[in-house]
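Summary of structural features
What follows is each chain in one-letter form.
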Amino acid sequence: MELIEVNALREYNYKVPGGKLVRVKMELDDENITSIQILGDFFLHPEETIYTIEESLLGSKLSRKDLLRGINSVMKEASAELIGATPEDIVNAILKAASRGG
Amino acid sequence: MEEMRLLELETHSAFENMAIDEAIMLAVKEGEAPPTFRLYRWRPSAVSIGTFQSMKDEVDLAFCQKNRIDYIRRITGGGAVYHDYDGEITYSLILPRTHRLAPDDIIESYGMICAGIVSALKILGIDSQFKPINDIVIGEKKVSGNAQTRRHSCLLQHGTVLLDLDVVKMFQVLKVPAEKVSDKMIADVKQRVTSIKEVLQREVLFEELRAALVRGFAEALGIEMYARTLSQSEESTARRLAEEKYSTAEWNLSR
């Protein structure tokens, strides 16, 4: 019988102090992100930027520096604005989700 | 004095309400509609989630289906809101992106527009405050939540004003994560949310709140409202959007 490796969904609810909630759902392959959703009750203008952020994180290593640089780069290119959370908060949520274990 | 079209309080389904908002934005974008303020109720009662939320995470779908409560995803961010037909009035303000009430500073913009609610509550004899980012509070308790999007060359801000709160129903409909509820160690929603009826300790008619909102927004925003209806074109666009977007699983369950 062939064993199919299932990547467990890693999830974390990150409550921004005095702000909104950021929920990350992702799958990892070793140290790289293979799927990710960034959910929450924050605001992001323009809203479509969330998809660009998520796409840009695919294949990303789980280093704070890499993750932050990726998100900031997308934000800058889209002239986007996050309200109720910061790129750092999103990175925190991602790292917390990763450390939870599959 | 600057004028604004007023769409008087009407009741529609969740899908129609969100479709009307977007239809007006598209009409304003084309220069076919003026800045518009509308008031509405939701029937059936419904839950709306923010555009970055997942319906399955936020809403007890089985409970909603069983109790014929609609559920819908908004185009605005923010959280999950239970729109009780018997409990609230929702407003929408649609403006061209260049309007003075749509400065680049989004939080400033929330403050300017939410002043309408503060003003309306004052008319009802209630002191309230705008609490950035997007809340109106009476003391420590929230009575209004608001959300904004900027698209179609427009600004849309919509928000609810709680006339009466059915906490039991709200918790049956919504799935609230512990991380959010236990902010500031307060787990009981009754300590965090209030309603006009609770504050005034008397029966308050929808008509009272409706009139206060129209006058409150007019006074706070410095505008003169003239009552009109949607154009044929807006109605037709709204019908199409309700059918092709807002009532579809593809839109509502996409995250």
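The structure this text deals with has already been given above.
Here we summarise the structure given alongside this text. (Residues numbered from 1 in each chain as written. Chains lettered and ligands numbered in written order. Predicted model: local features only at pLDDT ≥ 70, side-chain atom pairs only at ≥ 80, totals over all residues. Heavy atoms only, no water.)

Here we look at the interface of chain A and chain B
Interface extent is often summarised as the accessible area lost during association of the parts. What counts is decided by this rule: Note on contacts: a residue pair qualifies if any of its non-hydrogen atoms lie within 4.5 Å across the two residues. As a working definition, buried area equals the accessible area (1.4 Å probe) given up by two parts on being put together, with both sides summed. By definition, a salt bridge exists where a carboxyl oxygen of Asp or Glu is found within 4 Å of a side-chain nitrogen of Lys or Arg. Here a strand is any run of E in DSSP of at least two residues, a helix any run of H or I of at least four, and the numbering for each starts at the N terminus. Three residue categories are used. Nonpolar comprises Ala, Val, Leu, Ile, Met, Phe, Trp, Tyr, Cys and Pro, charged comprises Asp, Glu, Lys and Arg, and polar comprises the others, including Gly.
In this complex, chain A contributes 24 residues to the contact, which on the side of chain B involves 28 residues. Sorting the residues of chain A by area buried against chain B places Lys15, Phe43 and Glu47 of chain A first, and these three jointly supply 27% of that buried surface. Linking Glu48 of chain A and Arg151 of chain B is a salt bridge whose minimum nitrogen-to-oxygen distance equals 4.0 Å. Every element with two or more residues in the side of chain A that touches chain B is listed here: strand E1 (10-15), strand E2 (21-29), strand E3 (32-40), strand E4 (43-45), helix H1 (49-57) and strand E5 (81-83) of chain A. Considering only residue class, the side of chain A that touches chain B consists of nine nonpolar, six polar and nine charged.

Describing the nonpolar core
Soluble globular proteins: nonpolar side chains tend toward being buried together. Put simply, the test is: For this analysis, a nonpolar core means a set of buried residues of the types Ala, Val, Leu, Ile, Met, Phe, Trp, Tyr and Cys, connected via side-chain atoms within 4.5 Å. Remark: exposure states derive from per-residue accessible area (1.4 Å probe, protein chains only) relative to the maximum for the residue type, with buried under 20%, exposed over 50%, and partly exposed in between.
Counting 52 residues, the largest nonpolar core has Phe37, Ile196 and Phe217 of chain B as its most contacted members. Here this core takes eight residues from helix H8 (residues 206-221) of chain B, the largest share from any one element.

Considering the packing of aromatic side chains
Residues and elements named next belong to chain B. Condition: Geometry of aromatic contacts follows a simple scheme: Phe, Tyr and Trp rings, the Trp one being its six-membered ring, pair when their centres are within 6.5 Å, and the pair is stacked under 30 degrees between planes, edge-to-face over 60, tilted otherwise. Charge-over-ring placement is defined geometrically: NZ (Lys) or CZ (Arg) within 6 Å of the ring centre, and within 35 degrees of the ring normal.
Evaluated as defined, the whole model comprises seven aromatic pairs over all chains. Residues Phe37 and Tyr91 carry aromatic rings whose centres are separated by 6.1 Å and whose planes lie at 25° to one another, so their mutual orientation is stacked. With Phe37 in strand E2 (residues 36-42) and Tyr91 in strand E6 (residues 88-96), the pair connects residues that are 54 residues apart, well separated along the chain. Accessibility assignment for this pair places Phe37 and Tyr91 in one class, buried. A ring pair is formed by Tyr246 and Trp251, whose centres lie 5.8 Å apart and whose planes are at 75°; its orientation type is edge-to-face. Of the two residues, Tyr246 and Trp251, neither departs from the other in class, the shared state being buried. Three or more aromatic residues joined by ring pairs form one cluster here, namely Phe37, Tyr91 and Phe217. Here the guanidinium or amino end of Arg38 rests over the ring plane of Tyr40, the centre of that ring lying 3.7 Å away. When the ring centre of Tyr85 is taken as origin, the NZ or CZ atom of Arg41, which lies over that ring, is 4.0 Å away.

Here we look at helix H2 (residues 64-77) of chain A
Residue and element names in this part refer to chain A. Keep this limit in mind: In this scheme, a helix's expected span is set at 1.5 Å multiplied by one less than its residue total. Read the arc as the range of directions from the helix axis to the C-beta atoms.
Its 14 residues give H2 an end-to-end C-alpha distance of 20 Å, which sits within 8% of 20 Å, the value for a rise of 1.5 Å per residue. Burial in H2 covers these residues: Leu67, Ile71, Val74 and Met75. Angularly, the buried residues of H2 cover 100° about the axis, an arc narrow enough to put them on a single face. Opposite its buried face, H2 presents the exposed residues Lys65, Arg69, Lys76 and Glu77, each directed more than 90 degrees away. Where H2 is buried, its residues meet E3, E4, H1, E5 and helix H3 (87-99).

Observations concerning the packing of helix H4 (residues 106-123) of chain B against H8 of chain B
Residues and elements named next belong to chain B. Using the following cut-off: Note on method: axes are straight lines fitted to C-alpha atoms, helices fitted across the in-contact stretch only, with angles between N-to-C directions ranging 0 to 180 degrees. Working definition: roughly parallel below 35 degrees, roughly antiparallel above 145 degrees, roughly perpendicular at 65 to 115 degrees, and oblique for all remaining angles. By convention, the crossing between two helices is left-handed when the near helix turns anticlockwise from the far helix through less than a right angle, and right-handed when the turn is clockwise.
Interhelical geometry of H4 versus H8 gives an angle of 130° and a closest axis separation of 7 Å. Looking at the two axes, H4 sits oblique to H8. For the element pair H4 and H8, the recorded crossing hand is right-handed. Contacts between H4 and H8 involve Met112, Ile113, Ala115, Gly116, Ile117, Ser119, Ala120 and Ile123 from the first element and Ala212, Leu213, Arg215, Gly216, Phe217, Glu219, Ala220 and Leu221 from the second. Along the lines of polarity and charge, the residues of the contact of H4 with H8 split into eleven nonpolar, three polar and two charged.

Details of the pairing of E6 of chain B
All names here are of chain B. Applied cut-off: For two strands to be treated as a pair, DSSP must find at least two bridges joining them.
Taken across its nine residues, E6 has eight buried, putting it largely inside the fold. Note: E2 against E6, five bridges, orientation antiparallel. Opposite Tyr40, over in E6, you have Thr90 as the bridge partner.

Brief notes about the side chain of Asn134 of chain B
Within the fold, Asn134 of chain B resides in the loop between strand E7 (129-131) and strand E8 (135-138). Non-local contacts of Asn134 of chain B, meaning those with residues more than four positions away in its chain, are made with Lys20 and Phe43 of chain A together with Tyr110, Ser144, Gly145 and Asn146 of chain B.

Quick word on the pattern of salt bridges
Across all of its chains, the model carries 21 salt bridges over all chains by this definition. Ionic pairing is found between Arg69 of chain A and Asp66 of chain A, a salt bridge with its closest N-O pair at 2.8 Å. Separated by three residues within a single helix, Arg69 of chain A and Asp66 of chain A lie in helix H2, roughly one turn from each other. Given a relative accessible area of 24%, Asp66 of chain A falls into the partly exposed group. With a closest N to O distance of 2.8 Å, Asp104 of chain B and Arg97 of chain B form a salt bridge. Members of the salt-bridge network, linked through shared partners, are Arg23 and Lys25 of chain A together with Asp57 and Glu58 of chain B.

Re the state of the cysteines
Each disulfide consists of a covalent bond between the sulfur atoms of two cysteine residues. Counted only if it meets this: Cysteine sulfur atoms are paired as a disulfide whenever they come within 2.5 Å of each other.
A full pass over the atoms with the stated rule returns zero disulfides over all chains. Not part of a disulfide, Cys114 of chain B finds its nearest cysteine sulfur in Cys154 of chain B, a span of 18 Å.

Thoughts on the packing of H1 of chain A against H2 of chain A
Residues and elements named next belong to chain A. As a packed pair, H1 and H2 sit with axes 9 Å apart at the nearest point and diverge in direction by 145°. Relative to H2, the crossing made by H1 is right-handed. Touching Thr49, Thr52, Ile53, Ser56 and Leu57 of H1 are Leu67, Gly70, Ile71, Val74 and Met75, all from H2. Within the contact of H1 with H2, the residues separate by chemical class into six nonpolar, four polar and no charged.

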